[in-house]
Amino acid sequence: MSELHDEIVLQLADPPNCARCGGPGRVSARFSHSWKNASGEEVPGIREATLCPVCDRDEPTADGLLAFFTVHKTLEPSELETFHNLAAAWVAVARARQVDQQQLDDEYERSHNGKL
Ligand SMILES: [Zn+2]
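Here is what the cut-offs are and how they apply
- Residues numbered from 1 in each chain as written.
- Predicted model: local features only at pLDDT ≥ 70, side-chain atom pairs only at ≥ 80, totals over all residues.
- Heavy atoms only, no water.
- Helix = DSSP H or I, 4+ residues; strand = E, 2+ residues; numbered from the N terminus.
- Buried < 20%, exposed > 50% of the residue type's maximum accessible area, 1.4 Å probe, protein only.
- Contact = heavy atoms within 4.5 Å.
- Areas by Shrake-Rupley, 256 points an atom, 1.4 Å probe, with all protein chains shown as cover.
- Donors = N, O, S within 2.8 Å, 3.2 Å for Na, K, Ca; no water.
- Pairing = 2+ DSSP bridges.
- Axes fitted to C-alpha atoms, helices over the stretch in contact; angles between N-to-C directions.
- Patch = residues over 30% accessible without salt bridge, like charges linked within 9 Å, V, L, I, M, F, W, Y side chains within 5 Å.
- Salt bridge = Lys/Arg side-chain N within 4 Å of Asp/Glu carboxyl O.
- Core = buried A, V, L, I, M, F, W, Y, C linked by side-chain atoms within 4.5 Å.

### A few points about the overall build of the protein chain
A tally of regular secondary structure across the protein chain gives two helices and five strands. Listing the helices and strands of the protein chain from first to last along the sequence gives β-β-β-β-β-α-α. A buried classification covers 28% of the 116 residues belonging to the protein chain. In the protein chain, once contacts between residues fewer than 6 apart in sequence are set aside, the share between residues at least 24 apart is 46%. When the accessible area of the protein chain is evaluated, it comes to approximately 7,800 Å², of which 54% is carbon and sulfur surface.

### Things to note about the coordination of the zinc ion
Protein ligation of the zinc ion involves C18 (SG), C21 (SG), C52 (SG) and C55 (SG), the donor distances falling in the range 2.2 to 2.4 Å. Look at where the donors of the zinc ion fall in the sequence and you get C-x2-C-x30-C-x2-C. Judged by relative accessible area, which is 1%, C52 ranks as buried. For C55, a relative accessible area of 32% gives the class partly exposed.

### Quick look at the sheet that holds strand β1 (residues 8–11)
If you trace the three strands from one edge of the open sheet to the other, you get β1-β2-β5, paired in antiparallel fashion. Single-partner strands in this sheet number two, and they are β1 and β5 (46–51). For this sheet, the mean angle separating the axes of adjacent strands, direction not counted, is 20 degrees. Against the sheet, helix α1 (residues 60–71) contacts β2 (27–32) and β5, and its axis sits at roughly 60 degrees relative to β5.

### With respect to the environment of N85
Relative to the assigned elements, N85 resides in helix α2 (residues 80–112). Judged by its relative accessible area of 47%, N85 falls in the partly exposed class. It is 9.2 Å that separates the C-alpha atoms of N85 and L65, two residues lying 20 residues apart in sequence.

### A closer look at a nonpolar patch on the surface
Side chains of L12, L75 and L80 sit close together on the surface and give an oily, nonpolar patch of about 230 Å² of accessible area. Considering the arrangement of structural elements, one finds L12 in the loop between β1 and β2. Given a relative accessible area of 36%, L12 falls into the partly exposed group.

### Considerations on the nonpolar core
Within the largest apolar cluster, 15 residues are counted, with the highest numbers of intra-cluster contacts made by V27, L51, L65, F69, F83 and W90. For this core, the secondary-structure elements that each account for two or more residues are β2, β5, α1 and α2. Those residues in contact with F69, other than ones at most four positions away along the chain, are L12, R26, V27, L51 and F83.

### Some remarks on the pattern of salt bridges
One pass over the structure, following the stated rule, counts three salt bridges. For D56, the salt bridge identified is with R20, shortest N-O distance 2.9 Å. Taken together, the positions of D56 in the loop between β5 and α1 and R20 in the loop between β1 and β2 put the pair 36 residues apart, joining distant regions of the chain. Accessibility expressed as a relative area gives 2% for D56, which makes it buried.

Pasting the structure below:
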């Protein structure tokens, strides 16, 4: 389980609704996500991102993955590698975005507590 750090679980069937607009998601990904708390300790956690055809439009990796679903109604074994590459690119972006959000939340928390 040494690769746990980079484990990504994709959910293609009945993904949750988009957390941003409430619309139906296209696919969701769960990935491990660790961040440092105020004392600099690593805090492990699991995050989930949902690919939304509305909110994620114009983001190149999301567009790529959405286009894949438009062209391929079902996931054929011969398309798995393409799908994997597109999904990995999108997850990398989604993951970075959530880290930013975490940092924002963290800064908000600190400013709120008068520590910034
Ligand atoms: Zn949305």
